There are 2 protein chains.
Amino acid sequence: MLKNCWIKTSAARLFIRSFSAENNQFFKVEVVSSARKALPTPRKVAAPRFEKKTRQKISDYLKQMATPEIEAQLAPLRASVKEYGDLIRDLKAKGAPKIDVDKAVVELKARKRLLEETEIALAPKEASFDRLKLEDLLKRRFFYDQSFAIYGGVTGLYDFGPMGCSLKANMLQEWRKHFILEEGMLEVDCTSLTPEPVLKASGHVDRFADWMVKDTKNGECFRADHLIKNSIEKLMNDKKVSAEVKKDGEDVLARLEGFDDKDMHEVITRFKFKSPITGNDLTEPIAFNLMFPTQIGPTGDFKAFLRPETAQGIFVNFKRLLEFNQGKLPFAAAQIGLGFRNEISPRQGLIRVREFTMCEIEHFVDPEDKSFPKFAKIADQKLVLFSACNQLDGAPAQEVAIGEAVKNKTVANETLGYYMARCHQFLMKVGIDGRRLRFRQHLSNEMAHYAQDCWDAEILTSYGWIECVGNADRACYDLQQHYKATNVKLVAEKKLPQPVDVNVVEAQANMALLGKSFKKEAKKIQTALQQMTSEQVSALEEELLSKKLYNLDINGEKYPLTPDLINIKKYEKKIHVQEITPSVIEPSYGIGRIMYALLEHSFRQREGDEQRTFLAFKPLVAPIKCSVLPISANDQLVPAMEAVKEELSRYEMSYKVDDSSGTIGRRYARTDEIGIPFGITVDFQSVKDTPFTVTVRDAQSMSQIRLEVPELGKLIADLVAGRQQWSDAEAKYPKFEAAQE
Amino acid sequence: MLKNCWIKTSAARLFIRSFSAENNQFFKVEVVSSARKALPTPRKVAAPRFEKKTRQKISDYLKQMATPEIEAQLAPLRASVKEYGDLIRDLKAKGAPKIDVDKAVVELKARKRLLEETEIALAPKEASFDRLKLEDLLKRRFFYDQSFAIYGGVTGLYDFGPMGCSLKANMLQEWRKHFILEEGMLEVDCTSLTPEPVLKASGHVDRFADWMVKDTKNGECFRADHLIKNSIEKLMNDKKVSAEVKKDGEDVLARLEGFDDKDMHEVITRFKFKSPITGNDLTEPIAFNLMFPTQIGPTGDFKAFLRPETAQGIFVNFKRLLEFNQGKLPFAAAQIGLGFRNEISPRQGLIRVREFTMCEIEHFVDPEDKSFPKFAKIADQKLVLFSACNQLDGAPAQEVAIGEAVKNKTVANETLGYYMARCHQFLMKVGIDGRRLRFRQHLSNEMAHYAQDCWDAEILTSYGWIECVGNADRACYDLQQHYKATNVKLVAEKKLPQPVDVNVVEAQANMALLGKSFKKEAKKIQTALQQMTSEQVSALEEELLSKKLYNLDINGEKYPLTPDLINIKKYEKKIHVQEITPSVIEPSYGIGRIMYALLEHSFRQREGDEQRTFLAFKPLVAPIKCSVLPISANDQLVPAMEAVKEELSRYEMSYKVDDSSGTIGRRYARTDEIGIPFGITVDFQSVKDTPFTVTVRDAQSMSQIRLEVPELGKLIADLVAGRQQWSDAEAKYPKFEAAQE
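Bear in mind that the values here come from a model prediction, so they are computed numbers and not experimental data.

Definitions and cut-offs
- Residues numbered from 1 in each chain as written.
- Chains lettered and ligands numbered in written order.
- Predicted model: local features only at pLDDT ≥ 70, side-chain atom pairs only at ≥ 80, totals over all residues.
- Heavy atoms only, no water.
- Helix = DSSP H or I, 4+ residues; strand = E, 2+ residues; numbered from the N terminus.
- Buried < 20%, exposed > 50% of the residue type's maximum accessible area, 1.4 Å probe, protein only.
- Contact = heavy atoms within 4.5 Å.
- Areas by Shrake-Rupley, 256 points an atom, 1.4 Å probe, with all protein chains shown as cover.
- Lys, Arg positive; Asp, Glu negative; His and termini not counted.
- Charge placed at Lys NZ, Arg CZ, Asp CG, Glu CD.
- Domains from an automatic or database assignment.
- Least-squares fit on C-alpha atoms with pLDDT ≥ 70 in both.
- Axes fitted to C-alpha atoms, helices over the stretch in contact; angles between N-to-C directions.
- Parallel < 35°, antiparallel > 145°, perpendicular 65-115°, else oblique.
- Left-handed = near helix turned anticlockwise from the far one by under 90°.
- Nonpolar A, V, L, I, M, F, W, Y, C, P; charged D, E, K, R; others polar.
- Pairing = 2+ DSSP bridges.
- Core = buried A, V, L, I, M, F, W, Y, C linked by side-chain atoms within 4.5 Å.
- Phe/Tyr/Trp six-rings, centres within 6.5 Å; stacked < 30°, edge-to-face > 60°.
- Lys NZ or Arg CZ within 6 Å of the ring centre and 35° of its normal.
- Polar contact = N/O pair within 3.5 Å; in protein donor to acceptor, adjacent residues only side chain to side chain.
- Buried area = accessible area lost by both parts, 1.4 Å probe.
- Salt bridge = Lys/Arg side-chain N within 4 Å of Asp/Glu carboxyl O.
- pLDDT = per-residue confidence, 0-100.

**Concerning the overall build of chain A**
Right, on to step 1. The secondary structure content of chain A amounts to 26 helices and 28 strands.
Right, on to step 2. Every one of the 741 residues in chain A was classed for burial, and the buried ones make up 55%.
Right, on to step 3. Within chain A, residue pairs in contact and separated by at least 24 positions form 70% of the contacts whose partners lie at least 6 positions apart.
Right, on to step 4. Here chain A displays about 32,900 Å² of accessible surface, and carbon together with sulfur accounts for 52% of that area.
Right, on to step 5. Chain A carries 108 positive and 105 negative side-chain charges, and their two centres are separated by 3 Å.

Right under this line is the structure:
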């Protein structure tokens, strides 16, 4: 992949592993009490006995993901273990007395134990996160599953079931509210089908590609960088491989992100990497374009692609959007929709998929003034920034107020900084763990040549730090590209403080003669001449005068122009406005990735019963807001049940009725598993009261209140929207103590 | 197009033109007063002077779209005009005296005037609907526009701008609430990319096609039925064409829907139709598959398509959904998402597009019990039904209570009837004019062979009656097809009243021998044997015994099986449950079409000023809910403006600030144009009051009230959701009389 052209296709960067020390306030194992308590208890740091498998997992995790601080504490312990390992091998090789060997083994074991205990003590919670348990829950309760499973499934395609679908819809609705509604953005909804010339102009046809290698015998394809990474990791675990080769491999991994096809071919050849499946030889890396091709209409000659991003739909509508905004800058347009990328061999579940929902904003702004009116509102907000400098210096990420970061030029401008702060707010709102979130600045070789600055919101998951949001200042590249391709001016007018006289120099094509010499190309030449700046025309004029010939360059093609083909026109003009091509700040959200990270961050296990797993969603995004549970199957309760359902529907609050025969406690456990935040119980008191009453249980605190049904809908709606907190409800309504749960 | 296979691709049926007389309560021209009034006045029936162009439009409209009742009144008047036309031609041909001719002309003119006046008096409102004016408004305020316009545009692809995007999002949200939330459906979100075998099984690869003809010289493509229709319409308007040929053409048009390729070829040859563009000859009709093809992954051998409907995603997930529903029938799954159809040469704006949003429900039900528990709730609801009988008898549509229609078997079952009633409710909720809505039953030759019954919700627009929703009972076709293709049982278990002993007869393949004889095909044969019913196995056994050979038929391929290849196993089994393949009732909504119809039905012109056009949306779907207008640019008003904006954001109510310098009245007119239902004005009283107050204007009645800002959000949210009516607000809050507007 041509990394420096495309900011959005970068792989997980497993080898940039430092993050801020302040940020490492994780719990070893999050303990969630299953006993009913009135108030949430502070989460305890437990020191449970871990199984060997878990200890190994924690150890592996720390080898990859430890902070520099933790790494500093573990390194000497690892060295001391290695010392005795080497000693024992040495003793055995020399045929030393058994007693000496045994003594050394005892010491080795003690040292190993010290290392393990230190690892457990230092490990963040997610080190012992059990992805299989989460995946089991997600599959069992149909959050999502591989698409077309009954046909064998398709890698990189996922279907969302009722739970996942609702979670996603809630996240999108919040995104729409947080950005489009609150910031007054112009939302558009453009087509996925995109004609080739549009994506040619944007650069995707030529450069949106990954390098792949093929099995020379059966033609099987592998993404080259992934193959190298996996092959080297296999080497590292191979005891027969020399330390020297391992060192070399480690070195390759650290630089892999910046590799081009030649670098990768060199590595594959040097290490003699083969197909991991057949062991056959591999071809040289071949560029594979990641767009899905298709054709529009029946003739077969209208080539098109499925859009790889929603952004281009906004750029091609720029003129209309500017008009809609009464011609004024700045303004932001946004789009929620599908993107498609034909990944070579996708793995990693929802992290790398071929069809995905994305939310993109294009904020158009005067290139000379990227200040943001509301910046003061968020200037004090602290973000964990992992700047390019820190990455190059090997320093950890730092928590910095965004106002400070813009002031000291770490972040390029206020608009970019504002969107980073709003991004942080959004991720917090939906329930991402702030201690597993950082903003990583792109290194200069990762950025497109035209980009000014770029910060990815990365979220820590069991797959490592995953890029979930890109926040980029893309300058005026896209608008200029579409202008070049269509000759439709994509500019805004900026009023000058006072009118200015300017000297205009234009090169006008003599179309009659041009047509004779260049036939169909004449129009293209005329357009190129029209698009020249005054400076370029002056240079052309000079060359025509001196050499009687000017070689016009259009995308690398040369067109020799003689003086008779061109009239140079010069005149003075008073201008009141200046035409500017706006810069664009682009926040781009991968909803599936954020959703997956959210699922990991929301996953909990009950204390003492690791099989009892559940999801602790924020009410805002919870797929179902309420469970509705009759205390018994008695028909007496039916009218109150109906009243509750009607009241909830009136406020558009989703609910799940569980009228099965289990105890209320068991039924709560089932609803906790899918993250239902509020449990509404209809009991015999409910039908005695006029109007009917119900009890409401908050899943977080497990405390309960009683209230009248006609007040229920508004309360739940307010709790979900964050207009009220549970503590407000507790203050307002009588507490309810269940006889049993 | 193979009409009888695919219910969803049918063209507008312009030639079924009767509709219910009761339904024809349209206004001649809807007059909306532009003077400010406290209460809505009853709409007047005006008799304005129409321009010649408008008169012609009304006349043309009535020729195509009149009800039988109107037609009965117009036919004698038309005949009387024709009589004098013929007479005058006759007189002239005979060289009759000028005085006789002139007399006849006076009489002709009088007869023509009578016809015209009667037409105007009888014409429904939409007969004079001016589509160009609506399109101008929609384009100017960026509701939607052709995609990639700066690249020349692509037919059949549309981008929604901020207004259209919001309107669509609001319609989808209401759909989700009305169906998924209120009916407790299981929502899924499946991929658009679909592997070929899935669509092979569903029948789309073989049969989802339209017939096209090509220009024999330049290869240009035309949809055959559209070409015939347009060519005949041209003939009809050609004075040189004989009455006999016109009669023939009319006859073809009436039968065109049922034509196959041979019929169309015969017509094209007989009428000598040519390319309408070049006049060149045309090829025979060729089937063109309407799915967009693509490939998944880099190898090029994984063929896939963009889904032509969302339904298949639900069918392939049936097993998981049934599990999610604890194995119980009935249940409904729903999906909102994109569909793609590679139309041959789409026209008609949003009515026929290549990429569109659809909402589909698959309601799975026991084939032997299609009753619906909540049916009684809607049984009295009246719908305009245009049954197959009525269509064949040339009788008009009738308004019938849905309970009655199910009882007398006009509508096949309660479940289908329930969804038709709910469909009607949804269309009313979003603002479709009930007098321009009917449910048309498919004729038996329009339905797929497996379908039991199908009713399209058709909406009358300036394009004629447009199919916007299909409500079909598809029996168990889809689930069975996917079962045949995958051998994964897609069945539900139905508990038997008491256990039953059954004799099972199974044909087991001798895989060792089968493998030798049939190699790779052996697996396929084994699967086919497993899928046989006991009856089929018995037949096979008999044939093996008598002929020592059985020719197994798999999709037309014959496999000769000898007795040694098969073991017949017989045993008795006690069964407690019966396996059933559910029937599916499928309501399928085309959101773009409904939205276009809604735009036409919401379009209004101000009395006396036809240039002042506006959209009268229901608050529920209005793209923007409120305008916020400061009465002056005075800085004093700023704090109240901020308070209003914050309050509206808290309730997620979208707003548009108009702080330009026009009068309040002018600014209201601008916001009326894009259908903003509530106007909030901040005046000097606003900032005198504590807390701040504002006035709220209802665009429908133009009446105003004053209330405190902290009550504003809830009021607007309640009005939008329909929890309160404007009259409730008027009763609760003091009326505000503006000094001027």
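Additional details are given in the paragraphs that follow.
**Section: the domain arrangement of chain A**
Right, on to step 1. As far as domains go, chain A holds domain 1 (59-124), domain 2 (210-289), domain 3 (498-578) and domain 4 (624-732).
Right, on to step 2. When each unit is reduced to the centre of its C-alpha atoms, the spacing between domain 2 of chain A and domain 4 of chain A is 57 Å.

**Some remarks on the relation of the copies chain A and chain B**
For the pair of chain copies, the relating operation is a rotation around an axis with a shift along it.
Right, on to step 1. Note on the copies: chain A fits chain B at an RMSD of 0.2 Å, the axial shift is 0.0 Å, and the rotation between them is 180°. Interpreted geometrically, this transformation is the action of a two-fold axis. Nearest to the rotation axis, the C-alpha of A:Thr294 is located 2.6 Å from it, this being the minimum over chain A.

**Some thoughts on the packing of helix 2 (residues 68-94) of chain A against helix 3 (residues 98-122) of chain A**
All names here are of chain A.
Right, on to step 1. It is at 9 Å that the axes of helix 2 and helix 3 come closest, and there the two elements cross at 160°. It follows that helix 2 is roughly antiparallel to helix 3 by the angle criterion. In the crossing of helix 2 with helix 3, the sense of the turn from one axis to the other is left-handed.
Right, on to step 2. For the contact of helix 2 with helix 3, the residue count by class is 15 nonpolar, four polar and eight charged.

**What about the sheet that holds strand 10 (residues 331-340) of chain B?**
Residue and element names in this part refer to chain B.
Right, on to step 1. Pairing is mixed in the open sheet, where nine strands are placed in the order 3-10-11-21-16-15-14-12-13. In the strand order of this sheet, the two ends are held by strand 3 (186-188) and strand 13 (398-401), each with one partner. Looking at each pair of strands side by side, their axes are set apart by 30° on average, direction ignored.
Right, on to step 2. Of the strand pairs in this sheet, strand 16 (residues 464-473) and strand 21 (residues 583-590) are connected by five bridges, and their pairing is antiparallel. The residue bridging Val 469 from the neighbouring strand is Tyr 589, located in strand 21.

**Here's the deal with the nonpolar core**
Right, on to step 1. In terms of nonpolar packing, the biggest core is built from 216 residues, with A:Trp175, A:Ile402, A:Tyr589, B:Trp175, B:Ile402 and B:Tyr589 touching the most fellow members.
Right, on to step 2. The contacts of B:Tyr589, once residues within four sequence positions are left out, are B:Trp175, B:Phe179, B:Thr357, B:Met358, B:Cys359, B:Tyr419, B:Cys423, B:Phe426, B:Cys468, B:Val469 and B:Ile594.

**A closer look at the sheet that holds strand 8 (residues 293-295) of chain B**
Residues and elements named next belong to chain B.
Right, on to step 1. Reading across from one edge, 4-9-8 is the order of the three strands in this open sheet, with antiparallel pairing throughout. Here the strands that pair on one side only, and so sit at the sheet edges, are strand 4 (193-195) and strand 8. In this sheet, adjacent strand axes meet at a mean angle of 45° when their direction is disregarded.
Right, on to step 2. One ladder, built from three bridges, connects strand 8 with strand 9 (residues 303-306); its direction is antiparallel.

**Let's talk about the pairing of strand 16 (residues 464-473) of chain A**
All names here are of chain A.
Right, on to step 1. Counting buried positions along strand 16 yields ten of ten residues, so the element is predominantly enclosed.
Right, on to step 2. Examined bridge by bridge, strand 15 (residues 453-461) and strand 16 share nine bridges and lie antiparallel to one another. Following the sheet pairing, Asp 453 is matched in strand 16 by Asp 473.
Right, on to step 3. Remark: two residues form the turn of the hairpin made by strand 15 and strand 16, two consecutive strands paired antiparallel.

**Remarks on the packing of aromatic side chains**
Right, on to step 1. In the structure shown here, the tally under the stated rule is 42 aromatic pairs over all chains.
Right, on to step 2. With centroids separated by 6.2 Å and ring planes inclined at 80°, the aromatic side chains of A:Phe315 and A:Phe364 adopt a geometry described as edge-to-face. With A:Phe315 in helix 11 (residues 311-316) and A:Phe364 in strand 11 (residues 355-365), this pair connects stretches of sequence that are 49 residues apart.
Right, on to step 3. Ring plane angle 45° and centroid distance 4.9 Å describe the contact between B:Trp175 and B:Phe179, whose orientation is recorded as tilted. One end of the pair is B:Trp175 and the other is B:Phe179, both in helix 5 (residues 162-181) and four residues apart, which spans about a single turn.
Right, on to step 4. Three or more aromatic residues joined by ring pairs make a cluster, and in this case those are A:Trp175, A:Phe179, A:Phe426 and A:Tyr589.
Right, on to step 5. Above the ring of A:Tyr463, the side-chain terminus of A:Arg131 is found at 3.7 Å from the ring centroid.
Right, on to step 6. A cation over a ring is seen here: A:Arg422 above A:Phe179, with NZ or CZ 6.0 Å from the ring centre.

**A closer look at the side chain of B:Asn413**
Residue and element names in this part refer to chain B.
Right, on to step 1. Structurally, the position occupied by Asn 413 is in the loop between helix 15 (402-407) and helix 16 (414-430).
Right, on to step 2. A polar side-chain atom of Asn 413 sits 3.0 Å from a polar atom in the side chain of Asp 473.
Right, on to step 3. Discounting chain neighbours no more than four positions away, the residues touching Asn 413 are Lys 370, Val 406, Asp 473 and Ile 585.

**Remarks on the interface of chain A and chain B**
Right, on to step 1. Listed as interface residues are 76 residues of chain A and, on the opposing side, 75 residues of chain B.
Right, on to step 2. Roughly 6,900 Å² of surface becomes buried between chain A and chain B when both sides are summed, with 65% attributable to carbon and sulfur atoms.
Right, on to step 3. At the boundary of chain A with chain B, the tally comes to four salt bridges.
Right, on to step 4. A salt bridge links B:Asp145 to A:Arg320; the shortest N-O distance between them is 2.6 Å.
Right, on to step 5. At the boundary of chain A with chain B, the tally comes to 26 residue pairs in polar contact (both at pLDDT 80 or more).

**Remarks on unusual backbone geometry**
Negative phi characterises most residues that are not glycine, and trans characterises most peptide bonds.
Right, on to step 1. For the bond from B:Leu329 to B:Pro330, the omega torsion is -10°, close enough to zero to count as cis.
Right, on to step 2. Assignment of secondary structure puts B:Pro330 in the loop between helix 12 (318-324) and strand 10.
Right, on to step 3. The omega torsion across B:Thr690 and B:Pro691 is -10°, close enough to zero to call that bond cis.
Right, on to step 4. By the secondary structure assignment, B:Pro691 is in the loop between helix 24 (684-688) and strand 27 (693-698).
Right, on to step 5. Within the chain, A:Lys409 stands out as a residue other than glycine whose phi angle is a positive 70°.
Right, on to step 6. Along the chain, the position of A:Lys409 falls in the loop between helix 15 (402-407) and helix 16 (414-430).
Right, on to step 7. With a phi angle near 55°, A:Ala475 is a residue other than glycine that sits in the positive phi range.
Right, on to step 8. As for its placement among the helices and strands, A:Ala475 is situated in the loop between strand 16 and helix 17 (477-486).

**Considering the environment of B:Phe271**
All names here are of chain B.
Right, on to step 1. Looking at the secondary structure, you find Phe 271 in helix 10 (residues 261-271).
Right, on to step 2. For the pair Phe 271 and Ser 231, spaced 40 residues apart in sequence, the C-alpha to C-alpha distance is 9.2 Å.
Right, on to step 3. Those residues in contact with Phe 271 that sit more than four places away from it in its chain are Leu 235, Val 245, Asp 248, Gly 249 and Val 252.

**Side note on helix 25 (residues 712-721) of chain B**
Residues and elements named next belong to chain B.
Right, on to step 1. Of all ten residues in helix 25, eight are buried, a share of seventy percent or more.
Right, on to step 2. For helix 25, the set of buried residues is Leu 712, Gly 713, Leu 715, Ile 716, Ala 717, Asp 718, Leu 719 and Val 720.
Right, on to step 3. Residues of helix 25 that are buried in the fold lie against strand 24 (626-630), helix 22 (638-650), strand 26 (678-682), strand 27, strand 28 (704-708) and helix 26 (726-732).
Right, on to step 4. In the stretch just after helix 25, Gly 722 is the one whose phi turns positive, near 80°.

**Quick look at the pairing of strand 24 of chain B**
Residues and elements named next belong to chain B.
Right, on to step 1. Across the five residues of strand 24, five count as buried, placing the element largely inside the fold.
Right, on to step 2. Taken together, the three bridges between strand 24 and strand 25 (residues 655-657) define a ladder with parallel strand orientation. Bridge pairing links Ser 627 to Lys 656 in strand 25.
Right, on to step 3. Bridge analysis of strand 24 against strand 26 gives five bridges, and the strand direction is parallel. For Ser 627, the partnering residue across the bridge sits in strand 26 and is Gly 679.

**Here's the deal with the confidence of the model for chain A**
All names here are of chain A.
Right, on to step 1. Mean pLDDT over chain A stands at 86; residues scoring 70 or higher make up 92%.
Right, on to step 2. In the predicted structure, residues 1-48 sits below a pLDDT of 50 and forms 171 contacts with residues beyond four places in sequence or in another chain.
Right, on to step 3. Scoring of the predicted complex yields 0.83 for pTM and 0.82 for ipTM.

**Description of the pattern of salt bridges**
Residues and elements named next belong to chain A.
Right, on to step 1. If you walk through the whole model with that rule in mind, you get 109 salt bridges over all chains.
Right, on to step 2. Here Asp 86 and Lys 82 are joined by a salt bridge, their closest N and O atoms 3.2 Å apart. Taken together, the positions of Asp 86 and Lys 82, both in helix 2 and four residues apart, correspond to about one turn of that helix.
Right, on to step 3. Owing to a relative accessible area of 54%, Lys 82 belongs among the exposed residues under this scheme.
Right, on to step 4. Between Arg 140 and Glu 673 there is a salt bridge; the shortest N-O distance is 3.0 Å. One end of the pair, Arg 140, is in helix 4 (residues 131-140); the other, Glu 673, is in helix 23 (residues 664-673), with 533 residues separating them in the sequence.

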